[in-house]
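Reading the structure
Listed here are the chains, written in short residue letters.
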Amino acid sequence: MIDQYHFYHGAALREICANSIKPVAIEYINKKLDQDSHNFNTYIVNNKVGVYIKHSTSRAKTWTFSFVKEHQDTILDLYKIYGNVVVLLICHDDGIVGLNFEELKEILDDNHEEIESIRIKRRKRELYKVSGTDGKLKYKVAHNDFLKKILGEDNIKTNM
C-alpha cells in the first residue's frame, strides 16, 4: 500500500524536476541526521539544498502545519550542514508554499517548543499569507517561489 504522504512528496519533487533547466539529483534521507529515529520528510537537492516537506489534506483555504520539536531540530540540522534549507508546505491540491530558513525563523523562532504551528491562508486568485506560532511574514508568498529558493533563479524554465 502506498502511504498518502508519498503522493504529496512526489508532487513537490516532480515540480522541482520538471521546472529545472539542468538535471536534478534528489537524495532521500529516511532517518534523522544525527540519530537512528526515522524522519520521512527530508530530501537533499543537488547535494546543496536541504528540503523538508509537510502536507495538509484540508480542502479549506486555510491550512495548519504542526511542528514538534524534533521537526524543527531536523530543519536546523539541515541548515547547519547545507547552509540552505527550504521547508515545503503542501496545501492539499491548491499549491506549495516554500519557506527558506530566514522566513521560517520569522514565524517559528529559535526556541523550539514541544509543538508549534504554521498557518497558511489564501483567497481565490491571491497569494498565500503565512503566519506561525512566533510571528507572521510581512509579505505574501507565490506558489512557485519555492522553485527559485531550491533551484536558483537562473536554473528555472521560463514557461512555468
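Below is a summary of the structure that appears in this document. (Residues numbered from 1 in each chain as written. Predicted model: local features only at pLDDT ≥ 70, side-chain atom pairs only at ≥ 80, totals over all residues. Heavy atoms only, no water.)

**Quick look at the overall build of the protein**
Let me state the cut-off plainly: Think of it this way: any DSSP run of H or I at least four residues long counts as a helix, any run of E at least two long counts as a strand, and we number them from the N terminus. Note on method: radius of gyration uses C-alpha positions; expected globular size equals 2.2 Å times residues raised to 0.38. The criterion used for residue contact is that any of the two residues' heavy atoms lie within 4.5 Å. Residue burial considers only the protein chains on display, and all accessible areas are found by Shrake-Rupley using a 1.4 Å probe. The charge count includes Lys and Arg as positive and Asp and Glu as negative, but it does not include His or the ends of the chains. Charge placement uses NZ in Lys and CZ in Arg. For Asp and Glu, CG and CD serve respectively.
Helix and strand content of the protein: four helices and nine strands. Of the regular secondary structure in the protein, the N- to C-terminal order runs α-β-β-β-β-α-β-β-α-β-β-β-α. For the protein, whose C-alpha radius of gyration is 15 Å, the value lies close to the compact-globule estimate of 15 Å for 160 residues. Along the longest, intermediate and shortest principal axes, the C-alpha atoms of the protein span 40 × 35 × 35 Å. Taking as baseline every contact in the protein between residues at least 6 positions apart, the subset at least 24 positions apart corresponds to 60%. When the accessible surface of the protein is totalled, it reaches about 8,800 Å², and 49% of it is carbon and sulfur. For the protein, the distance from the average position of its 24 positive side-chain charges to the average position of its 23 negative side-chain charges is 9 Å.

**Overview of a positive patch on the surface**
To keep things clear, this is the line we draw: Here, patches come from residues exposed beyond 30% relative accessible area and free of salt bridges, joined within 9 Å for like charges and within 5 Å for nonpolar side chains (Val, Leu, Ile, Met, Phe, Trp, Tyr). Counted as salt bridges are all cases of a side-chain nitrogen of Lys or Arg within 4 Å of a carboxyl oxygen of Asp or Glu. Only protein chains enter the calculation, and the probe is 1.4 Å; a residue is then buried if its accessible area is under 20% of its type maximum, exposed if over 50%, and partly exposed in between.
A surface patch of like charges, here positive, comprises R119, K121, R123, K129 and K136. Residue placement: K129 occurs in strand β8 (residues 129-132). For K129, a relative accessible area of 43% puts it in the partly exposed group.

**Thoughts on the environment of K80**
When you line up the elements, K80 lands in helix α2 (residues 69-82). Overall, K80 belongs to the exposed group, its relative accessible area being 61%. Residues K80 and G50, 30 residues apart in the sequence, show an inter-C-alpha distance of 9.9 Å.

**Re the side chain of T42**
Here T42 lies in strand β2 (residues 42-45). Accessibility expressed as a relative area gives 1% for T42, which makes it buried. Once you skip the residues sitting within four places of it in the chain, T42 turns out to touch E27, Y28, I29, V51, Y52, T74 and L78.

**Overview of α2**
The α-helix advances 3.6 residues per turn, and as a result positions three or four apart in sequence lie on the same side. As a reminder of what qualifies: Here, expected helix span is obtained from the residue count minus one, scaled by 1.5 Å.
For α2, which comprises 14 residues, the first-to-last C-alpha distance of 20 Å matches the rise-based estimate of 20 Å (1.5 Å per residue) to within 8%. Considered for burial, the residues of α2 that qualify are H71, Q72, T74, I75, D77 and L78.

Fair warning: the whole summary comes from geometry, so function is off the table for now.
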